[in-house]
Amino acid sequence: MAAAAVATSNGASANGPTPGRLASVYSEVQTSRIAHALPLPSVLRSHFTLADGAASSATGNPEEIAKLFPNLYGQPSAAVVPSAQPVATKPLKIGVVLSGGQAPGGHNVICGIFDYLQERAKGSTMYGFKGGPAGVMKGKYVELNADFVYPYRNQGGFDMICSGRDKIETPEQFKQAEDTVTKLDLDGLVVIGGDDSNTNACLLGEYFRGRNLKTRVIGCPKTIDGDLKCKEVPTSFGFDTACKIYSEMIGNVMTDARSTGKYYHFVRLMGRAASHITLECALQTHPNVSLIGEEVAEKKETLKQVTDYITDVICKRAELGYNYGVILIPEGLIDFIPEVQKLIAELNEILAHDVVDEAGAWKSKLQPESRQLFDFLPNTIQEQLLLERDPHGNVQVAKIETEKMLIAMVETELEKRRAAGKYSAHFRGQSHFFGYEGRCGLPTNFDSSYCYALGYGAGALLQFGKTGLISSVGNLAAPVEEWTVGGTPLTALMDVERRHGKFKPVIKKAMVELDAAPFKKFASMRDEWAIKNRYISPGPIQFSGPGSDASNHTLMLELGAQI
Ligand code: FBP
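All figures in this text were calculated on a predicted structure; none of them were measured in a lab.

**A few points about the overall build of the protein**
Right, so step 1: Counting its secondary structure elements, the protein contains 19 helices and 18 strands.
Right, so step 2: Against the compact-globule benchmark of 24 Å for 563 residues, the protein has a radius of gyration of 24 Å, which places it among compact chains.
Right, so step 3: If one aligns the C-alpha atoms of the protein with their principal axes, the spans along those axes are about 80 × 60 × 50 Å.
Right, so step 4: For the protein, the residues scored as buried account for 56% of the 563 residues in total.
Right, so step 5: In the protein, once contacts between residues fewer than 6 apart in sequence are set aside, the share between residues at least 24 apart is 79%.
Right, so step 6: Approximately 22,900 Å² of the protein is accessible, and the part contributed by carbon and sulfur atoms is 52%.
Right, so step 7: The centroid of the 58 positive side-chain charges in the protein is displaced by 1 Å from the centroid of its 63 negative side-chain charges.

Okay, structure coming up:
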């Protein structure tokens, strides 16, 4: 039976009060950010309507996607275009949910939807589902009003309504979601999430349409990882801010390394499977070594080869008198090394079907080479590889301390070289993991404006009755006024994967492309960065003055800008 919807208003809830933020205790910077007026793309500032594009297909296996989404497949994209007259609008009831990991700017998406409703669909009601998709299933929500939303404008975090990683996947869970949206009489639901959450949003949109519900579903591209993007969705929000925060920290560590001359800092960076964050931070700071997982996979490198590459740089630098440096490692690295990938796949099977205990009988199920690799890994890494998978079945790479593993492996290799008379300096490794530090910072001007436009645009898409689209804001190399706004069919971003004998729709993660401009620029400069100290300290995020409106290198290079 579906849980009864929990009625709330003004941040109060039947499950206890929702402790909203108090702007009165904010720092000066936080307060000034609330007051920061957000520019809207000019197309959203006057009268507008929607224009449909051409019918869409899918990224791969269109026949299968068409079968999985009979009600949504083939929809056209939609573009917000100027209109001479105001288009008649009606009050709407809209729900919003934050899904997955935090990303700076999420609050501004909500503010964008809220302001759209206030300005363009007067008399509307907006609900925020609490704690992610579980809030939709359990009917836990808060009614959002101007006072409640106010302190969150241009602020980091997801704490306005909080997030969660639950998935709406079983028939019972779809029914629970149906009960909630029916009870609240929702015209629309906006799902702010990454690739998995947007796939889920599309399945929900399909289900609601199949049930003839009036509730439409619109997705929004969120993730610091930067791996939810395509031509129509040039970037996911949060990537810009998170990379700038990490780059400031890396720049500081570089200056520390240079000041004492005694440490090699191994910095693991969040980003899950893709190495976009590492690549962007490398472009911003010029470290001595940056490992890009996608390249390691392409070259089919082994752990030994990766270790040798780092060790070679350390030895060359020692010859030049530099016994310090900074090495960037994407958190998904080990998942890219073919031999480790194979090991993880075998462990996934074992974890799904066997008891994994200290007695270790389960180890006999590993292939000999995987067993050898597993035994070779430090104990801590072995334990981390056996940790529970996340609800989407992914290895929790944020919990695997690859930086410590690499320090240990480099130490061993250097000792071998010392014994062979090839290295005589001192090596001291310091490990860092920069992850959670970057997910809730005050959003940059870029993320603030981008998110606001995504939210405002999502409101418009719902007003025009659209469903199964992802809010899309484009032309991002131009000033905000010239940005384009619209929606891209989620089915157009999909392919299928075969899991447990069935086709499952997936939005393919956008990985670092080795023939695209950001990687090429990095590859053309990394040898120089390895040996010479070309460190850059970008400093903290600026909200005014030089560089404050600049977006990140990856986006600009992908859009063809010369930087
Ligand atoms: P999303 O893919 O949900 O945006 O999450 C991004 C991320 O920050 C990854 O970079 C990281 O691996 C993961 O979340 C950590 O997850 P958790 O917050 O559950 O520890």
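**Structural notes on the environment of Leu442**
Right, so step 1: With respect to the element layout, Leu442 can be found in the loop between strand 14 (429–434) and helix 17 (445–463).
Right, so step 2: Along the sequence, Leu442 and Tyr309 sit 133 residues apart, while their C-alpha atoms lie 37 Å from each other.
Right, so step 3: Ignoring sequence-local partners within four residues, the contact set of Leu442 consists of Val29, Gln30, Arg33, Asn154, Gln155, Gly156, Thr241, Ile541 and Phe543.

**Details of the environment of Gly112**
Right, so step 1: Mapping Gly112 onto the fold places it in helix 3 (residues 106–120).
Right, so step 2: As for Gly112 and Lys214, which are separated by 102 residues in sequence, their C-alpha atoms are 22 Å apart.
Right, so step 3: Setting aside anything within four residues of it in sequence, one finds Gly112 in contact with Tyr452, Gly455 and Tyr456.

**Description of the UniProt feature "site: Important for catalytic activity" (unreviewed entry) in the protein**
Right, so step 1: As recorded in UniProt, the sites labelled "site: Important for catalytic activity" (unreviewed entry) are Lys222.
Right, so step 2: As for its placement among the helices and strands, Lys222 is situated in the loop between strand 10 (216–221) and helix 8 (239–260).
Right, so step 3: On the basis of relative accessible area, Lys222 is assigned to the buried category, the value being 4%.
Right, so step 4: Setting aside residues no more than four positions away along its own chain, Lys222 makes contact with Ser99, Gly100, Gly101, Ala103, Phe158, Ile192, Gly193, Gly194, Leu228, Ser236 and Phe237.

**Thoughts on the nonpolar core**
Right, so step 1: Membership of the largest hydrophobic core comes to 117 residues, with the highest contact counts inside it found for Leu144, Tyr246 and Ile250.
Right, so step 2: Among the elements that line this core, the one with the most residues is helix 17, at 11 residues.
Right, so step 3: Once residues within four sequence positions are removed from consideration, Ile250 is found in contact with Val267, Leu269, Cys281, Thr285, Val326, Leu328 and Phe434.
Right, so step 4: Counting 42 residues, the second largest nonpolar core, distinct from the first, contains Val306, Val340, Leu343 and Phe427.

**Thoughts on the sheet that holds strand 13 (residues 325–330)**
Right, so step 1: Within the open sheet, the 4 strands sit side by side as 12-13-11-14. Their pairing is parallel. Edge positions in the sheet fall to strand 12 (289–290) and strand 14, since each of these pairs with one other strand and no more.
Right, so step 2: The pairing of strand 12 with strand 13 spans 2 bridges and is classified as parallel. Its bridge partner lying in strand 13, Val289 is registered against Ile327.
Right, so step 3: Here helix 9 (residues 276–285) sits on the sheet and contacts strand 11 (264–269), strand 12 and strand 13; the angle it forms with strand 13, its principal contact strand, is near 155°.
Right, so step 4: Its contacts with the sheet place helix 16 (residues 402–419) against strand 11, strand 13 and strand 14, and it is angled at close to 160° to strand 14.

**Focus on the side chain of Ser236**
Right, so step 1: In this structure, Ser236 sits in the loop between strand 10 and helix 8.
Right, so step 2: Here the side chain of Ser236 touches Thr223 through a polar contact of 2.7 Å, landing on its backbone oxygen.

**What to know about the side chain of Thr488**
Right, so step 1: Note on placement: Thr488 falls in strand 16 (residues 484–489).
Right, so step 2: Looking at Thr488, the relative accessible area reads 4%, which means it is buried.
Right, so step 3: Contact partners of Thr488, with chain neighbours within four places excluded, come to Ser77, Glu232, Val233, Gly468, Leu469, Ile470, Ser472 and Leu493.

**Some remarks on the packing of aromatic side chains**
Right, so step 1: Summed over the entire model, instances satisfying the criterion amount to 17 aromatic pairs.
Right, so step 2: Ring centres 6.1 Å apart and planes at 55° place the aromatic pair Tyr207 and Phe208 in the tilted group.
Right, so step 3: Assessed through its relative accessible area of 0%, Phe208 is described here as buried.
Right, so step 4: Through a chain of ring-to-ring contacts, the aromatic side chains of Tyr116, Tyr452 and Tyr456 assemble into a single cluster.
Right, so step 5: Lying across the ring of Phe503, Arg498 places its NZ or CZ 4.5 Å from the centre.

Calculation notes
- Throughout this document, residue positions are counted from 1 along each chain, in the order its sequence is written.
- Note on the predicted model: pLDDT of at least 70 is required for a residue's local features to be given, and 80 or more for side-chain atom pairs to be given and counted; whole-chain, interface and lining totals, by contrast, use all residues.
- Remark: hydrogens and water are excluded; side-chain values derive from all non-hydrogen atoms of the structure.
- A run of H or I in DSSP counts as a helix once it spans at least four residues, and a run of E counts as a strand once it spans at least two, with each numbered from the N terminus.
- Atoms considered for the radius of gyration are the C-alpha atoms alone. The globule rule reads 2.2 Å times the number of residues to the power 0.38.
- A simple rule labels every residue: compare its accessible area, found with a 1.4 Å probe on the protein chains alone, to the largest value its type can have, and call it buried under 20%, exposed over 50%, or partly exposed in between.
- Residues are treated as being in contact if the distance between any of their heavy atoms lies within 4.5 Å.
- The method behind every accessible area is Shrake-Rupley, applied with a 1.4 Å probe, and residues are considered shielded solely by the protein chains displayed.
- In this tally, Asp and Glu contribute negative charge and Lys and Arg positive charge; neither His nor the terminal groups of the chain are included.
- Charge placement uses NZ in Lys and CZ in Arg. For Asp and Glu, CG and CD serve respectively.
- UniProt positions are given in the numbering used here, feature names are shortened, and annotations may be inferred rather than shown by experiment.
- Buried Ala, Val, Leu, Ile, Met, Phe, Trp, Tyr and Cys residues form a nonpolar core when they are joined through side-chain atoms within 4.5 Å.
- The pairing criterion for strands is at least two bridges between them, as found by DSSP.
- Think of each axis as a best-fit line through the C-alpha atoms, taken over the contacting stretch in the case of a helix, with angles from 0 to 180 degrees between the N-to-C directions.
- Two N or O atoms form a polar contact when they lie within 3.5 Å of each other; inside protein one atom must be a possible hydrogen donor and the other a possible acceptor, and for residues adjacent in sequence the pair counts only when both atoms belong to side chains.
- Ring geometry is summarised as follows: Phe, Tyr and Trp rings, the Trp one being its six-membered ring, pair when their centres sit within 6.5 Å, and such pairs are stacked at plane angles under 30 degrees, edge-to-face over 60 and tilted between the two.
- Whether a charge lies above a ring is judged from NZ of Lys or CZ of Arg, which has to be within 6 Å of the ring centre and within 35 degrees of the ring normal.

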